[in-house]
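Fold and contact review
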Amino acid sequence: ALRLRVIEEAGRQKIPFTTGILLGIGESAAERVDSLCAIRDKYRCHGHIQEVLVQPFRAKQNTRMAESSNASLDELQRTLAVARLMMPDMNIQSPPNLVSEDFPQLLAAGINDWGGISPVTKDFINPEAAWPQIPKLAEQTTDCGFRLRERLAIYPEYAARDEFIDPHVAARMQPYLGDGFYARTGLA
């Protein structure tokens, strides 16, 4: 309830927002759908949810859930497909590093964003799961019929809308914007 109130308040204040669900922490398939419905409803009300992250849980040693089973690739794909069907016009994301070499299957399940992959930093939540190398990710993304493009933390469709960008932030963002409100190339 608290999380939904935060998402609601962000919508009222026109703050582009990222939210999502974690799979494999004891929830049922029906609870997953209920969570996706709640996210979709907040989006329909305010239009501010720029990304829905669907991430599989990965058990860690020395935690209360160390002996828990990880969500399977099949569970992840089913949940991504349901998210895509429920939210056809929203950005759906799932991290490629948590499914090892099977990451192209996430594209087939309905994602349109890989999230915050990095060639220079590790995944701080799942440091045991290295990010795929950008050239390999780009190649396999292209092989699946998509194009890998760098974006800013704010999605292009929100960067282009004045009601979601404070004028001071918009001015600071301009040097980083390229074609279609994606990240400008050659910034490194």
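The preceding data block contains the structure.
Residues numbered from 1 in each chain as written. Predicted model: local features only at pLDDT ≥ 70, side-chain atom pairs only at ≥ 80, totals over all residues. Heavy atoms only, no water.

It is worth spelling out the pairing of strand 2 (residues 49–56) at this point. With seven of eight residues buried, strand 2 lies mostly within the body of the structure. In this sheet, strand 2 lies alongside strand 1 (residues 17–23) in parallel orientation, the contact comprising seven bridges. Note that in strand 2 the partner of Leu22 across the bridge is Gln55. As paired strands, strand 2 and strand 3 (residues 92–93) are joined by two bridges and run parallel to one another. Residue pairing in the sheet places Val52 in a bridge with Ile92 of strand 3. Taken together, strand 2, helix 3 (residues 73–86) and strand 3 constitute a β-α-β crossover, and its handedness is right-handed. (Buried < 20%, exposed > 50% of the residue type's maximum accessible area, 1.4 Å probe, protein only. Helix = DSSP H or I, 4+ residues; strand = E, 2+ residues; numbered from the N terminus. Pairing = 2+ DSSP bridges. Right-handed = clockwise from strand over helix to strand, strands pointing away.)

What follows deals with the pairing of strand 1. Within strand 1, five of the seven residues are buried, leaving the element largely enclosed by the surrounding structure. Where the polypeptide runs from strand 1 across helix 2 (residues 29–46) and back to strand 2, its parallel neighbour, the crossover connection is right-handed.

Let us look at helix 1 (residues 2–12). Owing to its 3.6 residues per turn, the α-helix aligns residues three or four sequence positions apart on the same side. Within helix 1, the full set of buried residues consists of Ile7, Glu8, Ala10 and Gly11. The arc that holds every buried residue of helix 1, seen down its axis, measures 160°, which confines them to one face. Exposed side chains of helix 1 directed beyond 90 degrees from the buried face belong to Leu2 and Arg5. Where helix 1 is buried, its residues contact strand 1, helix 2 and strand 2. Where helix 1 ends, the next residue or the one after it, Lys14, has phi of about 60°, a positive value. (Arc of directions from axis to C-beta. Contact = heavy atoms within 4.5 Å.)

This part takes up the pattern of salt bridges. On inspection of all chains with the given rule, the structure shows eleven salt bridges. Between Arg12 and Glu8 there is a salt bridge, with the nearest N and O atoms lying 3.2 Å from each other. Of this pair, Arg12 and Glu8 both sit in helix 1, separated by four residues, roughly a single helical turn. Residue Glu8 is classed as buried on the basis of its relative accessible area of 17%. (Salt bridge = Lys/Arg side-chain N within 4 Å of Asp/Glu carboxyl O.)

Nothing here speaks to function; it is all geometry.
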